[in-house]
Amino acid sequence: MNNKMHKIICTTLCLGMTLSAFAACAKTEGSAVSSEAASSEVTGAPAVSESSESAETSESAETSESSQQTDAKPSYTIDNIRQYLVGVDEPVELPDGSKKVLVNFDNAATTPALKPVMDEVDSKLETYGSIGRGYSVKSNISTEIYDDTRQKVLNFVNADPERYTCVYVNNTTDGLNKLASALVESKKDIVLATRMEHHANDLPWRERCKTIYAEVDEKGRIIYEELEKKLSKNKVKYVVVTAASNVTGYVTDVHRVAKMAHEHGALIIVDGAQIVAHRAFSMLGATPEENIDFLVFSAHKMYSPYGGGAIVGLTEVLDKHMPEFYGGGIVDIVTDNDVSFKEAPELYEAGSPNYPGVVGLGTAIDVLQEVGFDNISAHEQALVKRMIDGLKKIDNVVIYGDSDNISDRVGVVTFNFTDTNSSMLARHLSNIGAATRRGAFCAHPYVWRLMGVTDDEAKTYEGCDAAKTPGMVRVSFGIYNTEAEVDEFLELVKKAKQLAKEEYDSDETYMDIPLDF
Ligand SMILES: Cc1ncc(COP(=O)(O)O)c(C=O)c1O
């Protein structure tokens, strides 16, 4: 039974209730979070503006709100943000026993924690109580912060609260699975994805219905004309696309895709995992046809290490469907024989929620907005350019994607050397103090295409030691990385490459892995 039918039953039952029962019902509902308990500390304010004037306003408001907080809140900029990231300048012990500050270029996987995020979570835990369930002042405070942060998330991506809701999820994978579970109604439904997708935005659809794909071109960019063609030829229900690739960093023109999808009667679902900490994102396009219907992202890629993330999606559509998970928090009334469900967002949040994750996400949004996405984007572009220029000077390098026109790339660069093995290279880089990632980055079909590995070839590596399967080395930048780190990394690469080459040349078991990808 779908949610609508449940609601009809609920309404019929309610109409049959006596007046006193109705009053009791209203009273119980009203007391769950009393308005008197609304705390002045609640963070329901609109997201921090990039203008210094409004930053100052919110600063002074915050200072007057909390008598205990005497230190003025610092302002965060692209130039000073590094000092607010935990551990990035702490030396760690390398395998040879020496100590070194790592060059951390693995930010596409996860980002280090922002100190203001940790501070805010610590402070909000002083008034932590159960969310939406308890009868206590602390429970009321926590519930209000939890609910008000939804508004902050909606503001962050320019989503009209009249049309969109914010559902908290564990991470992008969780959110996309929840959407797939809710929205797919039949094995025959058709979902159009691209060959650029992370497995998180491919496998949940593949598992549930017919999933077709638009190809990428030889540089790895989505072929929009093919998307359009596939939309014309198939009755597509959902177009699912990543906003930015975790392999090449390409930014998708999601509003163009939205227009195509809508013209063909489909809805668009965007994987925002690699965009939200790198570029400003808006659910609104230039016209209503260009609006995005669903966006999903993770907080741990936004400098908040407590897990969590969000689906921002059309409330009306979510209300028509049912969730993947059932349990407490998603119902109005349960009887022996019937259940009446709440609407979105609660409908999709069964079980006790992740409060630190929500507080962390809200604070990370504040900090990122204060630093400013124009600044973040310009900074990343400078790092990408410096990295690519430096790599090009090293013998036998292969850089994936377009290394000349980089304007549509976020801070990700993937590469190989044709004279050594990528897993050996990444291991030696790690040993001498540089954090990267190596492999196919949970986007196998895309990586195989970029490397020229056919499906049949890829299958021959099934069950192989991961280090002996084809792969690339990936560097990915965060807001705190510096040009000096890029220069240091390039020196480390030269050293690691030499070590990896020596190891490769002396290890016959690696000889059958092709190097000329
Ligand atoms: C493009 C993209 N989508 C989805 C995901 C999955 O994110 P999570 O692991 O936070 O669920 C990732 C993770 O790296 C990603 O890069």
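See above for the structure.
Residues numbered from 1 in each chain as written. Predicted model: local features only at pLDDT ≥ 70, side-chain atom pairs only at ≥ 80, totals over all residues.

Draft legend 1. Molecular detail of unusual backbone geometry. Cis geometry marks the peptide bond from Ala 344 to Pro 345, where omega comes out at 10°. Within the secondary structure, Pro 345 is located in the loop between β12 (339–341) and α11 (355–371). The phi dihedral of Tyr 303 falls on the positive side, at around 75°, and the residue is not glycine. One non-glycine residue with positive phi stands out, namely Asn 396, at about 65°. Structurally, Asn 396 can be placed in the loop between α12 (373–392) and β13 (397–399). (Helix = DSSP H or I, 4+ residues; strand = E, 2+ residues; numbered from the N terminus.)

Draft legend 2. Just the environment of Gly 360, in detail. Within the element layout of this structure, Gly 360 appears in helix α11. Sequence-wise, Gly 360 and Val 117 are 243 residues apart; in three dimensions their C-alpha atoms are separated by 5.3 Å. Residues within four places of Gly 360 in sequence aside, it is in contact with Val 117, Val 121, Ala 299, Ser 304, Tyr 306 and Gly 308. (Contact = placed C-beta atoms within 7 Å.)

Draft legend 3. Fine view of the pairing of strand β10 (residues 309–314). Burial of β10 is extensive: 5 of the 6 residues sit out of reach of the surface. Pairing analysis gives 6 bridges linking strand β4 (residues 164–169) to β10, with the strands arranged antiparallel. Across the sheet, Val 169 pairs through a bridge with Gly 309, a residue of β10. With 5 bridges joining them, strand β9 (residues 294–298) and β10 adopt antiparallel strand pairing. Opposite Leu 295, over in β10, you have Val 312 as the bridge partner. (Buried ≥ 20, exposed ≤ 12 C-beta atoms within 10 Å, placed from the backbone. Pairing = 2+ DSSP bridges.)

Draft legend 4. Structural view of the site of the ligand. By nearness alone, 15 residues border the ligand, and Asn 171, Thr 173, His 198, Asn 246 and Ser 298 come closest of all. Residues that form the shell around the ligand fall into these classes: 4 nonpolar, 10 polar and 1 charged. (Near = placed C-beta within 6 Å. Nonpolar A, V, L, I, M, F, W, Y, C, P; charged D, E, K, R; others polar.)

Draft legend 5. Inspection of the sheet that holds β9 at higher detail. With mixed pairing, 7 strands are arranged side by side in an open sheet as β4-β10-β9-β8-β7-β5-β6. Edge positions in the sheet fall to β4 and β6 (210–214), since each has one partner strand and no second. Pairs of neighbouring strands in the sheet enclose a mean axial angle of 20°, with direction left out of account. Bridge count between strand β5 (residues 190–194) and strand β7 (residues 238–242): 2 bridges; the pairing is parallel. Along β7, the bridge assignment pairs Val 191 with Tyr 238. Strand contacts of helix α8 (residues 224–233): β5 and β6, with the helix running at about 145° to β6, the strand carrying the most contacts. (Axes fitted to C-alpha atoms, helices over the stretch in contact; angles between N-to-C directions.)

Draft legend 6. Representation of the nonpolar core within the structure. Val 239, Val 312 and Ala 364 are the most contacted members of the largest nonpolar core, which has 130 residues in total. Broken down by element, the residue count for this core peaks at 9 residues, all from α11. Two domains each put at least three residues into this core: domain 1 (137–370) and domain 2 (372–510). When near neighbours in sequence (up to four residues on either side) are disregarded, Ala 364 contacts Leu 114, Val 117, Ala 299, Met 302, Tyr 303 and Ser 304. (Core = buried A, V, L, I, M, F, W, Y, C linked by C-beta atoms within 7 Å. Domains from an automatic or database assignment.)

Draft legend 7. Representation of helix α5 (residues 137–156) in the model. Counted at 1.5 Å a residue, the expected span for α5 with its 20 residues is 28 Å, and the 29 Å between its end C-alpha atoms agrees. In terms of residue burial, α5 counts as a mostly covered element, since 14 of its 20 residues are buried. Following α5 by one or two positions, Asn 158 has its phi on the positive side, about 60°. (Expected span 1.5 Å × (residues − 1).)

Draft legend 8. Seen up close, the pairing of strand β14 (residues 412–417). When you tally the buried positions in β14, you get 6 out of 6 residues, the bulk of the element. The alternating pattern of β14 places Val 412, Thr 414 and Asn 416 on one face and Val 413, Phe 415 and Phe 417 on the opposite face, and all of these are buried. The pairing of β13 with β14 spans 3 bridges and is antiparallel. Of the residues in β14, the one forming a bridge with Val 398 is Asn 416. Pairing of β14 with strand β17 (residues 472–476) involves 4 bridges; the strand directions are antiparallel. Bridge pairing links Val 413 to Val 475 in β17.

Draft legend 9. Representation of the packing of α12 against helix α16 (residues 483–506). Packing of α12 against α16 leaves a shortest axis separation of 10 Å and a crossing angle of 20°. One element, α12, and the other, α16, form an angle in the roughly parallel class. As α12 runs across α16, the sense of the crossing is right-handed. Residues Ala 382, Leu 383, Arg 386, Met 387 and Gly 390 of α12 lie in contact with α16, whose contacting residues are Glu 483, Val 486 and Leu 490. Residue classes in the contact of α12 with α16 are distributed as 5 nonpolar, 1 polar and 2 charged. (Parallel < 35°, antiparallel > 145°, perpendicular 65-115°, else oblique. Left-handed = near helix turned anticlockwise from the far one by under 90°.)

Draft legend 10. Up close: helix α6 (residues 172–183). In this model α6 runs 16 Å from its N-terminal to its C-terminal C-alpha over 12 residues, within 8% of the 16 Å that 1.5 Å per residue would give. Burial within α6 is extensive, with 11 of its 12 residues counted as buried. Listing the buried residues of α6 in full gives Thr 172, Thr 173, Asp 174, Gly 175, Leu 176, Asn 177, Lys 178, Leu 179, Ala 180, Ala 182 and Leu 183.

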